[in-house]
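# Summary of the model geometry
Residues per chain are reported as follows:
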Amino acid sequence: MSQVHMRVDGDVAMLTLDNPPVNGFGLEQRRLLIEALDAAAADPAVRAIVVSGAGRLFSGGADIREFGKPQMVASPHLLDVLQVAERSPKPVVAAIHGTCVGGGLEFSLACHGRVALADALVGLPEVKLGLIPGSGGTQRLPRALGLARALDLIVSGDPVPAAQLRDGGLFDAVVDDDLPGAACALARRLADAGALPRLRERDVADASQPPGELLEARREVARRQYPRQPARLHAIDAVAASLGDFDAGMELERWLFFALLATPESHAMRHAFFAERAAAHVRGVAEDTPVRPVRLVGVVGAGTMGGGIAMNFLNAGIPVVLVEARQEALERGLATVRANYERSVRSGRLSAQQVEQRMALLRPSLEFDALAPCDLIVEAVFEDLQVKREVFERLDAVAREGAILASNTSTLDLDAIAAFTRRPADVVGMHFFSPANVMKLLEVVRGKATSAEVLATVMRLARGIRKTAVVSGVCDGFIGNRMLEHYGRMAHFLVEEGASPQQVDRALEEWGMAMGPFRMSDLAGNDIGWAIRKRRYVDKPQVRYSRLADRLCELGRFGQKTGAGWYRYESGSREALPDPEVDALIRQYRKDIGVSARAVTDLEIVERCIYALVNEAARILEEGVAQRASDIDMVYLAGYGFPPWRGGPLLWADMQGSYMAARRMREFAAQPGADAAFWEPAPWLARLAACGAGFHDA
Ligand code: NAD
């Protein structure tokens, strides 16, 4: 519930913003704050006002629960609140702790003074939603902090600790404790000084440097670093205007804010923001479902995945028992964990002391019995159902009652794995992505017996280890890899028909994918796809595959690890270099299957690859494997390098329109040699197309 508390301490009115969870400036809160400021101004006993936040932070800014609703734009606006504070006849001081971002920082900038705790995080993250600050942040922050540092904050969108801005002029004081005391003292000093002297940030001019060059250099960097993100450039335009007249700058900021609100990029980035929050809600699992405490984690298998999985928990301060079958595998795994941490020390992200603290939480063992006290055990052994059976039977025997048993399997049937135990309700999939200590995505695989309590616990834990968790039902490849198989299939067909791997990669990378499919396959190992295809040729003979990739693998070209794949690699380098041998292989292959190469356009490459994702996603929705369309977008944004400013494959499809998506698929089906069965629009999509609705309208 929105509240603003007021308490008078001697001659200072102490106002406290109280609107959990983030003290957002919703409509009711905006009204209450104006009323409280008015009351303090009218109280003859009060000489100055201090505003602080209740709970763990000052304010997270706008109230996201109002996004897209009439309250968001209803009067009074945040700008009105700022004006009331700024024009208050008595000095207003912001006392900042925890987090102070977006509208929270903009409000504090309109105050006459600011005091912050050293570890408070301050920032203007609006560019991450494809927007710019809309309540004066681009005008007041440069006046308070100088052009260069304001640009750092506004264009990156990354919050920084107040301590880093200690000498910047943004804060009157940065303190380690007694925030209320420091804020009251400042408020009284300002009141003593009388007529609110240099106080209003709008009256302070920046005189630090000739700005033209600085601005141009920043534009250059923004164009390179954030292609297709107009907000970053417009943020610079707005900040540039702060060099001139204040009111004209405010007007430009408003104008740019509303122009950006209408861009597809901002639409996509706001979609991603809400998609991430929606993914945390699991169908059939009530919000108040009890969660089990997870204080000790076990990991079985210290190979490629096990070590990285363990690091996630160590990083969150949770001790890990790491169990291996063989001593040398255990040692290799530990060495990899340490090497990863040491890389973080070299890059300055961790101190040597932090690394030792984390390593000290790691308890290596060759004995399954060591797992007995664990609250959660994640299995990451070989991808072989017989090996999984042996491991889960042993886990069932040693794990304590109530322990959660998780498998990191990528392709095996989780329900079959659960059936190896006498407690299938406690079994769940935790599908991490490689490298597991880096990749944000975690697919949480819900077996048919997995209990609500187990799901709620794993979803909560995922947040604690800073993963983006998305629930998937049981199927081969779950959400992400199941879709990716068809994306890869299309990429192979396109090369068969006339494109080169380089053209396919370039087209998709220019479109925004972090890495094209052939470079990605070389990185992951072409042998993985080969093994899957060999299985498919038996299990699903009706699905068509190009055999070109098999020929590549027959030559031992598994990718980076063998120094050659779709590209060649010089020793020690990850740079993908075109290889005439691959060109010759492709030419020979086309000859053997009687295909004469045709010119393939970049547009066709993008459409066939991305629509392949879309059609499989529609099947996944039909089967109930994904809970909602936005979960599928989240999987691709967090785990597959999908461009954030496109919002995910299904948002992209919605922007094309379901009618046109289905129509395009039918055109692909009609191409000579096409995989017509695959391109038949999935029933889910066909229904949307019939009524003109989008995936996200349901
Ligand atoms: P890996 O071969 O690198 O490591 C497996 C480890 O398990 C080995 O060190 C092996 O000694 C150990 N092991 C085997 N049997 C054991 C037993 N009975 N007890 C204890 N340890 C045992 O494999 P990986 O790539 O880390 O894959 C592990 C799991 O993660 C597989 O299910 C795989 O499908 C899945 N996965 C892999 C990736 C990836 O990119 N590599 C991504 C997601 C999921």
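Keep in mind it's a predicted model, so treat the numbers as computed, not measured.

## Some points on the overall build of the protein chain
Assigned secondary structure in the protein chain consists of 29 helices and 17 strands. The globule rule puts the C-alpha radius of gyration for 698 residues at 26 Å, and the 28 Å found for the protein chain is close to it. Taken over the C-alpha atoms alone, the protein chain extends approximately 90 × 60 × 50 Å along its principal axes. Relative to its 698 residues, the protein chain shows a buried fraction of 55%. A fraction of 73% describes how many contacts in the protein chain between residues 6 or more apart in sequence connect residues 24 or more apart. Put simply, the protein chain shows about 29300 Å² of open surface, and 54% of that area lies on carbon and sulfur atoms.

## A look at the packing of aromatic side chains
Summed over all chains, the structure comprises 15 aromatic pairs. Ring centres of Trp 511 and Trp 652 lie 5.9 Å apart, and the angle between their planes is 85°; on these two criteria the pair is classed as edge-to-face. In this pair, Trp 511 sits in helix α19 (residues 501-511) while Trp 652 sits in helix α26 (residues 649-656), placing the two residues 141 residues apart along the sequence. Like Trp 652, Trp 511 is buried. Pairing Trp 530 with Phe 558 gives two aromatic rings, centres 6.2 Å apart and planes at 50°, and the pair type is tilted.

## Digging into helix α15 (residues 385-398)
Between its first and last C-alpha, α15 extends 20 Å over 14 residues, near the 20 Å set by a 1.5 Å rise per residue. Among the residues making up α15, those that are buried are Lys 388, Val 391, Phe 392, Leu 395, Asp 396 and Val 398. Those residues of α15 hidden inside the fold are in contact with β10 (297-300), β13 (376-379), β14 (404-407), α16 (414-418) and β15 (427-432). If you check the start of α15, you find a side-chain oxygen 2.8 Å away from the backbone N of Gln 386, and it comes from Asp 384.

## Examining the pattern of salt bridges
Opposite charge on two side chains permits pairing when their charged atoms draw close. Applying the stated rule across the entire model yields 50 salt bridges. With a shortest N-O distance of 3.5 Å, Arg 326 and Glu 328 are connected by a salt bridge. Judged by its relative accessible area of 40%, Arg 326 is partly exposed. Here Arg 519 and Glu 509 are joined by a salt bridge, their closest N and O atoms 3.0 Å apart. Here Glu 509 lies in helix α19 and Arg 519 lies in helix α20 (residues 517-524), a separation of 10 residues in the sequence. On the basis of relative accessibility, which here comes to 25%, the residue Glu 509 falls in the partly exposed class. What you see here is one network of salt bridges that share partners, running through Asp 11, Arg 47, Arg 188 and Asp 192.

## Re the site of the ligand
Taken together, 23 residues are adjacent to the ligand, and Met 305, Glu 324, Glu 383, Lys 388 and Asn 408 come closest. At 2.5 Å, a side-chain N or O of Glu 383 approaches an oxygen atom of the ligand. When the ligand is considered free in solution it has 840 Å² of accessible area, and contact with the protein chains removes 82% of it. Secondary-structure elements contributing two or more residues to the shell around the ligand are α12 (304-315), α15 and β15. The dominant element in the shell around the ligand, judged by the number of residues it contributes, is α15, at three residues.

## Examining the domain arrangement of the protein chain
Entries for the protein chain in the domain assignment read domain 1 (3-261), domain 2 (297-472) and domain 3 (480-691). Computed over C-alpha atoms only, the centres of domain 1 and domain 2 are separated by 42 Å.

## Some remarks on a negative patch on the surface
Taken together, Asp 119, Asp 176, Asp 177 and Asp 178 make up a surface patch of like negative charges. Among the structural elements, Asp 177 can be located in the loop between β9 (173-175) and α7 (179-192).

## Some remarks on the pairing of strand β2 (residues 12-18)
The side chains of a regular strand alternate, residue by residue, between the two faces of the sheet. Of all seven residues making up β2, seven are buried, and the element is well covered by its neighbours. Along β2, one buried face is formed by Val 12, Met 14, Thr 16 and Asp 18 and the opposite face, lined by Ala 13, Leu 15 and Leu 17, is buried too. Summarising the sheet, strand β1 (residues 3-9) and β2 pair through seven bridges and their orientation is antiparallel. Of the residues in β2, the one forming a bridge with Val 8 is Ala 13. In this antiparallel pair of consecutive strands, β1 and β2, the connection spans two residues, and Gly 10 shows a positive phi of 65°. The sheet contact formed by β2 and strand β3 (residues 48-53) spans six bridges and is parallel. Within the sheet, the bridge partner assigned to Thr 16 lies in β3 and is Ser 52. Traced from β2 through helix α1 (residues 27-42) to β3, the parallel crossover comes out right-handed.

## Quick look at the sheet that holds β2
Read across the open sheet, the six strands follow the order β1-β2-β3-β4-β6-β9; overall the sheet is mixed. This sheet does not close on itself; its edge strands, each paired only once, are β1 and β9. Going from strand to strand, the sheet's axes swing by 20° on average, the running direction of each strand aside. Note: β3 against strand β4 (residues 92-96), four bridges, orientation parallel. When the bridges of β4 are listed, Val 51 appears paired with Ala 94. Along the sheet, α7 contacts β1, β2, β3, β4, β6 (113-117) and β9; its crossing angle with β6, the most-contacted strand, is approximately 165°.

## Focus on the side chain of Arg 533
Tracing the backbone shows Arg 533 in helix α21 (residues 526-539). Residue classification places Arg 533 among the buried positions, given a relative accessible area of 8%. In terms of polar contacts, Arg 533 uses its side chain to reach the side chain of Asp 550, at 2.7 Å. Contacts of Arg 533, omitting those with residues within four sequence positions, involve His 492, Tyr 545, Ala 549, Asp 550 and Cys 553.

## Some details on the environment of Leu 548
Take Leu 548: it is sitting in helix α22 (residues 548-554). Considering only alpha carbons, one finds Leu 548 and Arg 590, 42 residues apart in sequence, at a separation of 8.8 Å. Residues within four places of Leu 548 in sequence aside, it is in contact with Val 495, Trp 566, Leu 585, Ile 586 and Tyr 589.

Rules used throughout
- Residues numbered from 1 in each chain as written.
- Predicted model: local features only at pLDDT ≥ 70, side-chain atom pairs only at ≥ 80, totals over all residues.
- Heavy atoms only, no water.
- Helix = DSSP H or I, 4+ residues; strand = E, 2+ residues; numbered from the N terminus.
- Rg over C-alpha atoms; globule rule 2.2 N^0.38 Å.
- Buried < 20%, exposed > 50% of the residue type's maximum accessible area, 1.4 Å probe, protein only.
- Contact = heavy atoms within 4.5 Å.
- Areas by Shrake-Rupley, 256 points an atom, 1.4 Å probe, with all protein chains shown as cover.
- Phe/Tyr/Trp six-rings, centres within 6.5 Å; stacked < 30°, edge-to-face > 60°.
- Expected span 1.5 Å × (residues − 1).
- Polar contact = N/O pair within 3.5 Å; in protein donor to acceptor, adjacent residues only side chain to side chain.
- Salt bridge = Lys/Arg side-chain N within 4 Å of Asp/Glu carboxyl O.
- Near = heavy atom within 4 Å.
- Domains from an automatic or database assignment.
- Patch = residues over 30% accessible without salt bridge, like charges linked within 9 Å, V, L, I, M, F, W, Y side chains within 5 Å.
- Lys, Arg positive; Asp, Glu negative; His and termini not counted.
- Charge placed at Lys NZ, Arg CZ, Asp CG, Glu CD.
- Pairing = 2+ DSSP bridges.
- Right-handed = clockwise from strand over helix to strand, strands pointing away.
- Axes fitted to C-alpha atoms, helices over the stretch in contact; angles between N-to-C directions.

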